[in-house]
Amino acid sequence: ESEATSRLILESMPDAIVIIDRDGQIVHANTQVETLFGYAPGEVMGQPVETLVPQRLRTGHEQQGFSFGEERNRRIMGLGQELFGRRKNESEFPVEVMLAPIDNSTNWDVLVAIRDNTRQRQAQEALRINEEKLRTLFEILPVGISFLGKDGRVNELNSALAKILELPRRDILAGN
């Protein structure tokens, strides 16, 4: 019953879940692996986890692997880096990878949860583009504009305001 419950939980997860052994081989994969990567779970079982990593990143990945070193804590893999998965059709997509060590008497070593990060990356890029447009508009407007902090001090201003006030930007920001 416990094993059935565990399988039900793994299959219900919205993320692709793979469990790898101490040698880096996939020993379990849930059905989301097929949704995300295009591989049926049985196709990846027994394969190195690098099967899910783009060819161009495999060498570094094999060297780094899922090693926890001295600290075997749950963690997000590659925090601050752009990570990519590789689908069966060789296409790549951005991923977020969470690692959880498995400490038991089996050869299982790490549970890996993989999430498609495409929408988040697209949203971040759209936000960056919109911020760039807003910054350009803010700077080219012929009227003076400033933003005040909670303390009432100017914390941002455009060139037109500095020109209107006939003060250097740094003096206005310094509160002079």
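The structure this text deals with has already been given above.
Residues numbered from 1 in each chain as written. Predicted model: local features only at pLDDT ≥ 70, side-chain atom pairs only at ≥ 80, totals over all residues. Heavy atoms only, no water.

Peer 1: I'd like a description of the pairing of strand β6 (residues 108-116), backed by residues and values.
Peer 2: Relative to β6, strand β1 (residues 16-21) runs antiparallel, the two sharing six bridges. Residue pairing for β6: valine 18 is matched across the bridge by valine 112. Two successive antiparallel strands, strand β5 (residues 92-101) and β6, enclose a turn made up of six residues. (Pairing = 2+ DSSP bridges. Helix = DSSP H or I, 4+ residues; strand = E, 2+ residues; numbered from the N terminus.)

Peer 1: Account for the layout of surface pockets, naming residues and giving values.
Peer 2: When its volume is computed, the second largest pocket comes out at roughly 300 Å³. If you trace the second largest pocket, you find 14 residues lining it, with Ser6, Leu10, Ile19, Trp108 and Leu111 closest to the centre. Mapped onto the lining of the second largest pocket, the elements with two or more residues apiece are α1 (2-12), β1, β2 (26-29) and β6. When residues of the lining of the second largest pocket are assigned to their parent elements, the largest contribution, five residues, is made by α1. Looking at the lining of the second largest pocket residue by residue, the classes come out as ten nonpolar, two polar and two charged. (1 Å grid on protein atoms, 1.4 Å probe; cavity = no way out; pocket = protein on both sides within 12 Å on 5 of 7 lines; lining within 4 Å. Points joined across faces, edges and corners; volume = space filled by probe spheres on them. Nonpolar A, V, L, I, M, F, W, Y, C, P; charged D, E, K, R; others polar.)

Peer 1: Go over unusual backbone geometry, please, and point to the residues and values.
Peer 2: Even without glycine at this site, glutamate 90 takes up a positive phi of about 80°. Phi at glutamate 166 takes a positive value of approximately 55°, unusual for a residue other than glycine. Among the secondary structure elements, glutamate 166 is positioned in the loop between α6 (159-165) and α7 (169-174). Note on glutamate 166: relative accessible area 70%, which makes it exposed. (Buried < 20%, exposed > 50% of the residue type's maximum accessible area, 1.4 Å probe, protein only.)

Peer 1: Provide a residue-level description of the pairing of strand β4 (residues 83-86), including the pertinent values.
Peer 2: Where β4 and β5 come together, four bridges link them in antiparallel fashion. Paired with leucine 83 across the two strands is valine 95, which belongs to β5. Here β4 hands over to β5 after five residues, with glutamate 90 in that stretch at a positive phi of 80°.

Peer 1: Run through a nonpolar patch on the surface, naming residues and quoting values.
Peer 2: A grouping of Leu134, Leu137, Ile140, Leu141 and Val143 is seen on the molecular surface, where their side chains present a nonpolar patch of about 470 Å² in accessible area. With respect to the helices and strands, the residue leucine 141 is situated in the loop between α5 (118-140) and β7 (146-148). (Patch = residues over 30% accessible without salt bridge, like charges linked within 9 Å, V, L, I, M, F, W, Y side chains within 5 Å. Areas by Shrake-Rupley, 256 points an atom, 1.4 Å probe, with all protein chains shown as cover. Salt bridge = Lys/Arg side-chain N within 4 Å of Asp/Glu carboxyl O.)

Peer 1: Summarise the pattern of salt bridges; cite the residues concerned and give the values.
Peer 2: Counting across every chain of the model gives ten salt bridges. For arginine 56, the salt bridge goes to glutamate 92, with nearest N and O atoms at 2.7 Å. Of this pair, arginine 56 sits in helix α4 (residues 55-64) while glutamate 92 sits in strand β5, and the two are 36 residues apart along the sequence. Among the ionic pairs, arginine 87 bridges to aspartate 116, the shortest N-O distance being 3.9 Å. In this pair, arginine 87 is assigned in the loop between β4 and β5 and aspartate 116 in strand β6, connecting sequence segments 29 residues apart. Exposure remark for arginine 87: the relative accessible area of 24% places this residue in the partly exposed category. Residue class for aspartate 116 comes out partly exposed when judged on its relative accessible area of 34%. One connected set of salt bridges, linked through shared partners, spans Asp15, Glu96 and Arg115.

Peer 1: Explain the side chain of aspartate 15 to me, and be specific about the residues and the numbers.
Peer 2: Along the chain, aspartate 15 turns up in the loop between α1 and β1. A distance of 2.9 Å separates the side chain of aspartate 15 from the side chain of arginine 115, its partner in a polar contact. Residues in contact with aspartate 15, not counting those within four places in the same chain, are Asn30, Gln32, Met98, Ala113, Ile114 and Arg115. (Polar contact = N/O pair within 3.5 Å; in protein donor to acceptor, adjacent residues only side chain to side chain. Contact = heavy atoms within 4.5 Å.)

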